[in-house]
Amino acid sequence: MAAADAVKQPLLHRAYPSHAASASSPSLPSVSSSGVHGGRPRFPGGLDVPNLKKRGGGTRSWIRVEASTASVQTLEVDKATMMRRCELPARDLRLLDPLFVYPSTILGRERAIVVNLEQIRCVITADEVLLLNSLDSYVFQYAAELQRRLLQRAEGDELPFEFRALELALEAACSFLDSQAAELEIEAYPLLDELTSKISTLNLERVRRLKSRLVALTRRVQKVRDEIEQLMDDDGDMAEMYLTEKKMRMESSVFGDQSLLGYNSVGAGASVSAPVSPVSSPTESRKLEKTFSLCRSRHDSVKSSDNTVTEHIEELEMLLEAYFVVIDSTLNKLTSLKEYIDDTEDFINIQLDNVRNQLIQFELLLTTATFVVAIFGVVAGVFGMNFETSVFSIQNAFQWVLIITGVVGAFIFCFFVWFFKYKRLMPL
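Residues numbered from 1 in each chain as written. Predicted model: local features only at pLDDT ≥ 70, side-chain atom pairs only at ≥ 80, totals over all residues. Heavy atoms only, no water.

### Some thoughts on the packing of aromatic side chains
The relative placement of two aromatic rings is captured by the distance of their centres and the angle of their planes.
Phase 1 of the analysis: Per the stated rule, a full pass over the model turns up 4 aromatic pairs.
Phase 2 of the analysis: Aromatic pair phenylalanine 163 and tyrosine 242: ring centres 5.0 Å apart, planes at 70°, arrangement edge-to-face. Within this pair, whereas phenylalanine 163 is found in helix H6 (residues 161-197), its partner tyrosine 242 is found in the loop between helix H8 (235-239) and helix H9 (243-273), the two being separated by 79 residues in sequence.
Phase 3 of the analysis: For the ring pair tyrosine 189 and tyrosine 340, a centre distance of 5.0 Å and an interplane angle of 65° mean the geometry is edge-to-face. Taken as a pair, tyrosine 189 in helix H6 and tyrosine 340 in helix H10 (residues 281-383) lie far apart in primary sequence, 151 residues in all.
Phase 4 of the analysis: In this structure tyrosine 340 comes out as partly exposed when scored by relative accessible area, which is 30%. (Phe/Tyr/Trp six-rings, centres within 6.5 Å; stacked < 30°, edge-to-face > 60°. Helix = DSSP H or I, 4+ residues; strand = E, 2+ residues; numbered from the N terminus. Buried < 20%, exposed > 50% of the residue type's maximum accessible area, 1.4 Å probe, protein only.)

### Things to note about the pairing of strand E8 (residues 128-132)
Phase 1 of the analysis: Of all 5 residues that make up E8, 5 are buried, and the element is covered over most of its length.
Phase 2 of the analysis: Burial along E8 is two-sided: Glu128, Leu130 and Leu132 and Val129 and Leu131, pointing in opposite directions, are all buried.
Phase 3 of the analysis: Two strands pair when backbone bridges link them, and strand E3 (residues 59-66) and E8 are joined in this way by 5 bridges, in the antiparallel orientation. Paired with tryptophan 62 across the bridge in E8 is leucine 132.
Phase 4 of the analysis: Strand direction decides the pairing type here: strand E7 (residues 120-124) and E8, joined by 3 bridges, are antiparallel. (Pairing = 2+ DSSP bridges.)

### What about empty space enclosed by the protein?
Phase 1 of the analysis: Within the structure shown, the criterion is met by 1 cavity of 30 Å³ or more.
Phase 2 of the analysis: Its volume calculated, the largest cavity comes out at about 30 Å³.
Phase 3 of the analysis: Per-element accounting of the lining of the largest cavity gives the leading share, 3 residues, to H6. (1 Å grid on protein atoms, 1.4 Å probe; cavity = no way out; pocket = protein on both sides within 12 Å on 5 of 7 lines; lining within 4 Å. Points joined across faces, edges and corners; volume = space filled by probe spheres on them.)

### Points about the environment of glutamate 227
Phase 1 of the analysis: Its place among the elements puts glutamate 227 in helix H7 (residues 201-233).
Phase 2 of the analysis: Each C-alpha atom, one on glutamate 227 and one on phenylalanine 324, is 9.5 Å from the other, the two residues being 97 residues apart in sequence.
Phase 3 of the analysis: Each residue touching glutamate 227, except ones within four places of it in the same chain, is listed here: Ser104, Thr105 and Ile106. (Contact = heavy atoms within 4.5 Å.)

### Considerations on a negative patch on the surface
Phase 1 of the analysis: A cluster of acidic residues, Glu158, Asp233, Asp234, Asp235, Glu314, Glu315, Glu317 and Glu321, forms a negative patch at the surface.
Phase 2 of the analysis: Here the negative patch takes 4 residues from H10, the largest share from any one element. (Patch = residues over 30% accessible without salt bridge, like charges linked within 9 Å, V, L, I, M, F, W, Y side chains within 5 Å. Areas by Shrake-Rupley, 256 points an atom, 1.4 Å probe, with all protein chains shown as cover. Salt bridge = Lys/Arg side-chain N within 4 Å of Asp/Glu carboxyl O. Lys, Arg positive; Asp, Glu negative; His and termini not counted. Charge placed at Lys NZ, Arg CZ, Asp CG, Glu CD.)

### Description of the side chain of arginine 64
Phase 1 of the analysis: Note on placement: arginine 64 falls in strand E3.
Phase 2 of the analysis: A distance of 2.3 Å separates the side chain of arginine 64 from the side chain of glutamate 128, its partner in a polar contact.
Phase 3 of the analysis: When near neighbours in sequence (up to four residues on either side) are disregarded, arginine 64 contacts Ser71, Val72, Gln73, Leu75, Arg85, Glu128, Val129 and Leu130. (Polar contact = N/O pair within 3.5 Å; in protein donor to acceptor, adjacent residues only side chain to side chain.)

### Some points on unusual backbone geometry
Phase 1 of the analysis: The phi angle at alanine 70 is positive, at roughly 60°, despite the residue not being glycine.
Phase 2 of the analysis: In this structure, glutamate 87 takes a positive phi of about 55° despite not being glycine.
Phase 3 of the analysis: Structurally, glutamate 87 can be placed in the loop between helix H3 (79-86) and helix H4 (90-94).
Phase 4 of the analysis: What makes glutamate 87 partly exposed here is its relative accessible area of 44%.

Written as structure tokens, this is what we have:
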């Protein structure tokens, strides 16, 4: 074994001298000054990453709207703190990252609702709304409108806070998409009418750009519609969004557990301090009855909470259905515009086919005229031959041949003209 190591040692020194030196020495290799550039670490191979940050070390600005006081604040929170605060995984917060482009999504979690609808990217809890602060004016409009609605809450309106925030996000997204669809309609219809009257390269390029915008907008509207429809079809997802009810249920459960522990501790103290006797048995039975009554009350509260969740599911389903109708109307507008563009393209293709057929007909007419002229050339060539025939002895033979050739050529030309004019729809 020692001999094998002695044989491998020179090979190691020749192939990797630095590794061999570090392997032969029991001490750790020292970091050279070339491995650090300006106080920043460098990767092996000389790759310098100047903007390298620690994982989860960057903070971001969030706009916080509180449910109880309707106050608006600006917070500087990092990603790890936000994950602990809302009990959300990193993949859910990644949906709100403006550096990534994700489709519209509404996710119901245990203690929060993650909303990514166009410009509105927020986390809704039972007590607050956390908006990712950006330079978009729609974010500030959303925060101001939510604050106004919380301050002007009508009496008798029992809609939970998370549903109010979700409703406003849906309203903002649907109104934004509908306004974009309306602008696209105003621009599209006159341009398409102009294209049908005048086919030009400039108009075709404008229609191409318009169609690209239409396809992108239709995809976004379709995604929002599918997301709302998916929520409406799944009662479990809608039940996950009742954050206020789940919070109240958790608080009541904790209070019940504490009360039950208090009863048990009192009973245990009585059993330790007092001996078992027939006189103390009624007291134990009363404590047992109180424990059973507490369990029955907790069971009844769970049943009542289930009934409340069923009622809230109906409320949320009605809310989602209202905005589903709005977004479906926007999708119908875009679908109608897409059909109008397709009809315009078909009309233009028909016009181009008509022009192409006219060119083909004109080419056939020229070919026919060339054939008629070629007949006269053949006749002239025959009579220009340098040999004697019986035809040459006939008086005015050349004139008669020209007349007959002209009549035949005129007949052929008139036949083709009549065929192209009255029978051009016949298949060739």
